[in-house]
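# Descriptive analysis of the structure
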Amino acid sequence: MRFRHPDGSTVHLAYCTNVHPAETLDGVLAQLRDHCEPVRRRLGRDRLGIGLWLARDAAHALVTDPAALRGLRTELEHRGLEVVTLNGFPYEGFGAEEVKYRVYQPDWADPERLAHTTDLARVLAQLLPDDVTEGSISTLPLAWRTAYDQERATAAHTALTTLAERLDALHELTGRSLRIGLEPEPGCTVETTRDALAPLTAIGHDRIGICVDTCHLATSFEDPHTALDALAQARVPIVKSQLSAALHAEHPHLPEVRAALAAFDEPRFLHQTRTLTAAGLRGTDDLGEALAGDALPDASPWRAHFHVPLHAAPAAPLTSTLPVLRAALARLVGGPHPLTHHLEVETYTWQALPPELRPRARAQLVDGIAAELTLARDLLTDLGLKELP
């Protein structure tokens, strides 16, 4: 979906396909047929943006087989789909029964991460629509915080600098300008937007910036305006923003609130949980840890890294951080010029919701994703952007 900003530039809105995990190219093609095109049709649009997630094997197959890459582009065009952004955070296994800490491997100190992201950039350069010259890729924020010493930090810095040089060369070769965004996430070396300032300033290349995920922003209790102002002041480019909402519990000390939260404590994904106290931010690596005993103070609200559907906040006594998303979006694209031109709805946890909230059929998932995109569209038009055909 494309929108015209009042300044005349185009803002792209997509939804991320990591909600339909697939490890192979055949699986990606099936996603386009079974999910992405039906979402487009459900919205009644001739064109729909998708943020592709390509696992290692799928990306490698595309970059080593030009015919396969041409075939994917043809399939996208045939189904009325377009790609300007990729999700390069998960490397592989995102559809496994237990993902948890595995999603942070390999990190930016490992050569495999640089090789995979280079593959993604080469693929995206060929998938961009003919009238689009700029693409974006989100990636993990360096590494999970443990076992990350100075030696690994130096290796990660070198890898990202090498990537920037490769993106420069790719631009010269193809005319397509691609940028990478580190995506701050609770528990990682770069947990907040503030944490991103030092490493990104040290790299000092405009092809390496930040991806602002509004669920992660909210989980860490960052104020959107303060965070985005600091990025602008530091001249850190906002490569893209993922529109997502976290789980919010206003009164976590109450038994009924604990019981409601426990329904979201599931075994597949990591749900980092945070609370803001007078002494600062406190947290646990997972929701179950927070619910077990006194691991986390409960005198103040809790937020958990659980991407809840944008249009359907959990039932009371819980809610979502949609207000944080609204505030962030107003700052991102509501001003005289957009701070980013790439927006991506990223609710990958539909099948991890409590059983009674999960879509029971493919059509229900299609309806849910379409409803999220409709909400995002309405937020953008309320900010003065005009939807394009």
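Up top is the structure these notes are about.
What counts, and at which threshold
- Residues numbered from 1 in each chain as written.
- Predicted model: local features only at pLDDT ≥ 70, side-chain atom pairs only at ≥ 80, totals over all residues.
- Heavy atoms only, no water.
- Helix = DSSP H or I, 4+ residues; strand = E, 2+ residues; numbered from the N terminus.
- Rg over C-alpha atoms; globule rule 2.2 N^0.38 Å.
- Buried < 20%, exposed > 50% of the residue type's maximum accessible area, 1.4 Å probe, protein only.
- Contact = heavy atoms within 4.5 Å.
- Areas by Shrake-Rupley, 256 points an atom, 1.4 Å probe, with all protein chains shown as cover.
- Lys, Arg positive; Asp, Glu negative; His and termini not counted.
- Charge placed at Lys NZ, Arg CZ, Asp CG, Glu CD.
- Pairing = 2+ DSSP bridges.
- Axes fitted to C-alpha atoms, helices over the stretch in contact; angles between N-to-C directions.
- Disulfide = S-S within 2.5 Å.
- Salt bridge = Lys/Arg side-chain N within 4 Å of Asp/Glu carboxyl O.
- Phe/Tyr/Trp six-rings, centres within 6.5 Å; stacked < 30°, edge-to-face > 60°.

### Concerning the overall build of the chain
For the chain, the count of helices and strands is 12 helices and 15 strands. The globule rule puts the C-alpha radius of gyration for 389 residues at 21 Å, and the 20 Å found for the chain is close to it. When the backbone C-alpha atoms are referred to their principal axes, the chain occupies close to 60 × 50 × 45 Å. Taken over 389 residues, the chain has a buried fraction of 58%. Sequence-distant contacts, at least 24 apart, represent 79% of the contacts inside the chain between residues at least 6 apart. When the accessible area of the chain is evaluated, it comes to approximately 15300 Å², of which 51% is carbon and sulfur surface. In the chain, 37 positive and 52 negative side-chain charges are present, and the distance between their average locations comes to 5 Å.

### Some details on the sheet that holds strand 11 (residues 280-284)
Strand order in the open sheet formed by 5 strands is 11-10-12-9-13, and the pairing between neighbours is antiparallel. Strand pairing shows two members of the sheet lacking a second neighbour, strand 11 and strand 13 (318-320), which therefore form its edges. Pairs of neighbouring strands in the sheet enclose a mean axial angle of 30 degrees, with direction left out of account. Relative to strand 13, strand 9 (residues 245-249) runs antiparallel, the two being bridged by 3 bridges. If you follow L247 over to strand 13, its bridge partner there is S320.

### Considerations on the state of the cysteines
Taken as a whole, this structure holds 0 disulfides when the rule is applied. Looking at the unpaired C211, the closest cysteine sulfur is the one in C16, lying at 9.5 Å. A relative accessible area of 0% means that C211 is categorised as buried. In this model C215 remains outside any disulfide bridge; the closest cysteine sulfur is found in C211, 12 Å from its own.

### Comments concerning the pairing of strand 11
Pairing of strand 10 (residues 273-277) with strand 11, which is carried by 5 bridges, proceeds in the antiparallel orientation. Bridge pairing in strand 11 places L276 opposite L281.

### Notes on the pattern of salt bridges
Under the counting rule described, the total for this entry stands at 25 salt bridges. Between R274 and E191 there is a salt bridge; the shortest N-O distance is 3.0 Å. Pair noted here: R274 is in strand 10 and E191 is in the loop between strand 6 (177-182) and helix 6 (193-203), with a separation of 83 residues, a long-range link. By the burial criterion, R274 is buried, and E191 matches it. Several salt bridges converge on common partners, so that one network encompasses E37, R40, R41, E75 and R79.

### Remarks on the side chain of E82
Here E82 is to be found in strand 4 (residues 81-87). If sequence neighbours within four positions are ignored, E82 has contacts with R2, H12, R47, L48, G49, I50 and P129.

### Notes on the packing of aromatic side chains
Per the stated rule, a full pass over the model turns up 8 aromatic pairs. Considering the side-chain rings of Y101 and W144, the 5.3 Å spacing of their centres and the 85 degrees angle between planes classify their relative orientation as edge-to-face. Residue Y101 is found in the loop between strand 4 and helix 4 (111-127), and its partner W144 is found in the loop between strand 5 (134-139) and helix 5 (150-174); the two are separated by 43 residues along the sequence. Among the residues examined, Y101 registers a relative accessible area of 37% and is labelled partly exposed. W144 gets classed as buried once you look at its relative accessible area, which sits at 8%. Members of the aromatic cluster, each reached through a chain of ring pairs, are W53, F94, F269 and Y348.

### Notes on unusual backbone geometry
With the exception of glycine, the majority of residues adopt a negative phi angle, and the majority of peptide bonds are in the trans configuration. Omega for the bond connecting Q105 with P106 falls within 30 degrees of zero, at -10 degrees, which places this linkage in the cis form. Relative to the helices and strands, P106 is located in the loop between strand 4 and helix 4. Note the cis peptide between A316 and P317, where omega equals 15 degrees. Positive phi, close to 40 degrees, is recorded for K100, a residue that is not glycine.

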